[in-house]
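# Fold and contact review
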Amino acid sequence: MALSIAKVANWLHQVDKSRAVVGWWPEHFMPADERTAYKIQDAFLKKQVVKQGPCVGYKIALTSPQIWEQTGLRGPAYGPIRKKRVFEHKAAVRADRWTRLGVELEIILTVNADVPKPKGKGYDKDSIAPYVGDARAGFELIEDRGADYSRLTVNALVMDAGWNGGSLLAKPNKDWRKLDLANLDGSISFDGKVVRTGHSGDVLGHCYNSLAWLANKLGEHGKRLRKGMIVSSGSMVACQFVPPGSTATGRIEGLGEVTLKYELPK
């Protein structure tokens, strides 16, 4: 029996609304190829945007050694960022509205012009650089639905919007171009105690390499990066799961910091 893209997207939508724990993906909902997984992502996105707003950018997953080790998967892969899930500088979310919340520390780029469809060999680090209008620190908020990482697959991650639950952006830094974006240290802290550190160069060597990969991959799927979109370029550290009732802080030297309060239900 052929896999029904609509049926899988509907199932995902119900899982999302109910905040159900999904340890692993049901076999009868697992596509055999990546392209079908992205088609399911697109169908799921059509349901998400009703309450979460339109797609305003993309996250890139599976880009660094710490993430590869944590998940057992190699990427990259992308997922959509929705407008109402983008937060500035400081944010608070309630623990009863997440299945399992994790944070990943990322350089978040802003696209300054529509990116033309790639031609020939496609974009690389240098040819994509003129389309970067801003770089800042940020958290990607991860909703992994309590996944069993020993049974995780790339296609399952792709279908579920890349697990993107939101993006928290640091304040802009007008001098960011003076920084070596491939050579910055970063850290995640819970209630003031550092729990994990990382290095920006671990993300495919440079965040522009992530952006180039995304522009090329979107081109394969008939999509494009548009002016004003944000791109969460990939985590330099393994995902850190936030204890309910605590405050998480992410810092990248020179690019600022973000603060997320994970509040207990009132």
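Notes on the structure in this doc start here.

### Quick word on the pairing of strand β10 (residues 230-235)
Along β10, six of the six residues are buried, which leaves the element largely enclosed by surrounding structure. As judged from the four bridges shared by strand β5 (residues 101-111) and β10, these two strands associate in the antiparallel manner. Paired with Thr110 across the two strands is Ile230, which belongs to β10.

### Let's talk about the nonpolar core
Ile107, Ile128, Phe139, Leu181, Leu225 and Leu260 are the most contacted members of the largest nonpolar core, which has 62 residues in total. In terms of residue count, the dominant contributor to this core is helix α6 (residues 207-220) (seven residues). Apart from residues no more than four positions distant in its own chain, Ile128 is found in contact with Val115, Tyr123, Tyr208, Leu211, Ala212 and Ala215. If you look at the next biggest cluster of nonpolar residues, it comprises 11 residues, including Ala61, Leu62, Leu73 and Trp163.

### Some words on the packing of helix α1 (residues 5-18) against helix α2 (residues 34-52)
Axis separation between α1 and α2 bottoms out at 9 Å; the angle between their running directions is 45°. Considering the angle they form, α1 stands oblique to α2. Crossing of α1 against α2: the hand is right-handed. In this structure, α1 uses Ile5, Val8, Ala9, Asn10, Leu12, His13 and Asp16 to contact α2, whose residues at the interface are Thr36, Lys39, Ile40, Ala43, Phe44, Lys47 and Gln52. Of the residues belonging to the contact of α1 with α2, the class tally is seven nonpolar, four polar and three charged.

### Quick look at the sheet that holds strand β13 (residues 256-263)
Spatially, β4-β13-β12-β8-β9 is the arrangement adopted by the five strands of the open sheet, whose pairing is mixed. Each end of this open sheet is capped by a strand with a single partner; those strands are β4 (90-94) and β9 (193-199). Sheet twist, expressed as the mean angle between neighbouring strand axes with direction ignored, is 15°. Of the pairings in the sheet, the one linking strand β8 (residues 185-190) to β9 comprises six bridges and is antiparallel in character. Bridge pairing in β9 links Ile188 to Arg196.

Procedures and definitions
Residues numbered from 1 in each chain as written. Predicted model: local features only at pLDDT ≥ 70, side-chain atom pairs only at ≥ 80, totals over all residues. Heavy atoms only, no water. Buried < 20%, exposed > 50% of the residue type's maximum accessible area, 1.4 Å probe, protein only. Helix = DSSP H or I, 4+ residues; strand = E, 2+ residues; numbered from the N terminus. Pairing = 2+ DSSP bridges. Core = buried A, V, L, I, M, F, W, Y, C linked by side-chain atoms within 4.5 Å. Contact = heavy atoms within 4.5 Å. Axes fitted to C-alpha atoms, helices over the stretch in contact; angles between N-to-C directions. Parallel < 35°, antiparallel > 145°, perpendicular 65-115°, else oblique. Left-handed = near helix turned anticlockwise from the far one by under 90°. Nonpolar A, V, L, I, M, F, W, Y, C, P; charged D, E, K, R; others polar.

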